[in-house]
Amino acid sequence: GDEGARHLAVSISHSNCALETLKLDNCGIRDAGAEALADVMRYDNHTLKNITLGQNLRISRSLIEKIDRLVEINAESIGCSAAEVGKKKRAEYGPTVDEVYRFVRFNPHLLSSAD
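In this text, all values refer to a predicted model and were calculated from it rather than measured experimentally.

K.L.:
Looking at this structure, how should I read the pattern of salt bridges?
P.N.:
Side-chain pairs of opposite charge can arise where the charged atoms are in close proximity. Under the criterion given, the structure shown has three salt bridges. One salt bridge in this structure joins Glu35 and Lys66, with 2.8 Å as the shortest N-O distance. On the criterion of sequence distance, the pair formed by Glu35 in helix 2 (residues 31-43) and Lys66 in helix 3 (residues 61-77) is long-range, its members being 31 residues apart. Judged by its relative accessible area of 26%, Glu35 falls in the partly exposed class. A salt bridge links Arg42 to Asp39; the nearest nitrogen and oxygen atoms lie 2.7 Å apart. Placement of the pair is Arg42 and Asp39 together in helix 2, with a separation of three residues, close to one helical turn. Look at Arg42 and you get partly exposed, because its relative accessible area is 30%. The network of salt bridges with shared partners includes Glu35, Asp39, Arg42 and Lys66.

This is the structure we're talking about:
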């Protein structure tokens, strides 16, 4: 969750390794944890060029887009093109809470009864 993401962000910021990929799918991360990761990428000029946060449904779309921009900036700063970073981000992140809500609201017949 958020606490783990914050600890990870602190560890990354103090590390001498060249971390390029970080997969944090379905970890219960919310905006606070994602913001901590974004801060590391923004201020520590990291080598991170791929991060997946799929199925962390409590991260706002605007924050995901912010992280996407930071990943692209980092990738370009270490000599990778935007094409190398990849354009499949939406599939990596999965739906947002708002998208799930709209889907359920307009497709209630797809939900099974809890009985």
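K.L.:
Teacher, can you tell me more about the environment of Ala36 here?
P.N.:
Within the secondary structure layout, Ala36 lies in helix 2. For the pair Ala36 and Ala5, spaced 31 residues apart in the sequence, the C-alpha separation amounts to 7.0 Å. Contact partners of Ala36, with chain neighbours within four places excluded, come to Arg6 and Ala9.

About the thresholds
Residues numbered from 1 in each chain as written. Predicted model: local features only at pLDDT ≥ 70, side-chain atom pairs only at ≥ 80, totals over all residues. Heavy atoms only, no water. Salt bridge = Lys/Arg side-chain N within 4 Å of Asp/Glu carboxyl O. Helix = DSSP H or I, 4+ residues; strand = E, 2+ residues; numbered from the N terminus. Buried < 20%, exposed > 50% of the residue type's maximum accessible area, 1.4 Å probe, protein only. Contact = heavy atoms within 4.5 Å.

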